Amino acid sequence: MPDRTRTTPTTSATPATSATPTTPPPTPRRSDATRTAILDAARERFAADGYERATIRAIAKDANIDPSMVMRYYGNKEGLFAAAVSVDLRMPDLTALPREEAGRGLVAHFLTQWEENEVLTALLRVGITNKSGAERMQGIFREQVLPVARQTCPDPEQVPTRAALVATQLLGLALTRYVLRIPAAEQLSRGEIEAWLGPTIQRYLTAPSP
């Protein structure tokens, strides 16, 4: 009599593994890519042509976009310039100088910066009339001049005030000598500027509070 018993084939059970869902990386927005292309093209064009000769049309062409897109994101050339440029003031270590020479040393350093760094002078010119340029200049002084003032200031709570007073002199010098080009300011030698302005900066940095 045939055996009618059915045998169920055995299968090796594979333990279930819980797959951890992977989140795909976010897709960059088209606007981000456009902004990056504009800023890259602007930096190269400003470096090659300078601020005055660089044009929105040339920058847009370099970025392979319509000029209206540049205006849409940055408003005008001044706003684009402020967004594109970065300035390193290469601030000196004032603690390496005799304390009484800190003011004169800082004036000498900034004279070199204003005379050799065209981007810094152009940014000052833009900052006079453009909000973005003004904010960028404020950020540069806040991030780079404040720490230097902190090196010599006798009262830590007065650091922002003293740094602001230092900025009034350094920016005023740059404005009159390199932007407005007032003849009497242009005709001063570096030594004369250091001699006149150094003691004022020194007082702002190290003198007791009045």
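Scroll up a little and you will see the structure.
Structure report, in brief. (Residues numbered from 1 in each chain as written. Predicted model: local features only at pLDDT ≥ 70, side-chain atom pairs only at ≥ 80, totals over all residues. Heavy atoms only, no water.)

1. Regarding helix H5 (residues 102-116)
Condition: Note on conventions: DSSP H or I runs of at least 4 residues are helices, E runs of at least 2 residues are strands, and numbering of each starts at the N terminus. For a helix, the expected span equals 1.5 Å multiplied by the residue count minus one. Only protein chains enter the calculation, and the probe is 1.4 Å; a residue is then buried if its accessible area is under 20% of its type maximum, exposed if over 50%, and partly exposed in between. Pairs of residues are marked as contacts when any of their non-hydrogen atoms sit within 4.5 Å.
Here H5 is 15 residues long and its end C-alpha atoms lie 21 Å apart, about the 21 Å a rise of 1.5 Å per residue gives. All of the buried residues in H5 are Ala 102, Gly 103, Leu 106, Val 107, Ala 108, His 109, Phe 110, Leu 111, Gln 113 and Trp 114. Residues of H5 that are buried make contact with helix H6 (118-129), helix H7 (131-144), helix H8 (146-152), helix H9 (159-179) and helix H11 (190-206).

2. Some points on the packing of aromatic side chains
The condition is simple: Here a Phe, Tyr or Trp ring, Trp counted by its six-membered ring, pairs with any other such ring whose centre lies within 6.5 Å, and the pair is stacked when the planes are under 30 degrees apart, edge-to-face when over 60, and tilted otherwise. In this scheme, Lys NZ or Arg CZ marks a charge over a ring once it lies within 6 Å of the ring centre and within 35 degrees of the ring normal.
Summed over the entire model, instances satisfying the criterion amount to 6 aromatic pairs. Measuring from ring centre to ring centre gives 6.5 Å for Tyr 73 and Tyr 74, while their planes differ by 55 degrees; the resulting arrangement is tilted. Tyr 73 sits in the buried class, given a relative accessible area of 16%. Among the aromatic side chains, those forming a connected cluster through ring pairs are Phe 46, Tyr 51 and Phe 81. One cation-aromatic arrangement involves Arg 35 over Tyr 74; the distance from NZ or CZ to the ring centre is 5.8 Å.

3. Let's talk about the environment of Ala 60
Tracing the sequence through the fold places Ala 60 in helix H2 (residues 56-62). On the basis of relative accessibility, which here comes to 1%, the residue Ala 60 falls in the buried class. Distance in space between the C-alpha atoms of Ala 60 and Met 71 is 9.7 Å, their sequence separation being 11 residues. Every residue in contact with Ala 60, bar those within four places of it in the chain, is listed here: Ile 65, Asp 66, Pro 67 and Val 70.

4. What about the environment of Glu 115?
Note the threshold: Within 3.5 Å is the distance limit for a polar contact, defined as a pair of N or O atoms, with the added protein rule that one can donate a hydrogen and the other accept it, and that residues adjacent in sequence qualify only through two side-chain atoms.
Within the element layout of this structure, Glu 115 appears in helix H5. Each C-alpha atom of the pair Glu 115 and Ala 174 lies 9.3 Å from the other, and the pair is 59 residues apart in sequence. In this view, Glu 115 contacts Arg 177, Tyr 178 and Arg 190; residues no more than four positions away in its chain are not counted. A distance of 2.9 Å separates the side chain of Glu 115 from the side chain of Tyr 178, its partner in a polar contact.

Read these as spatial facts, not as claims about activity.
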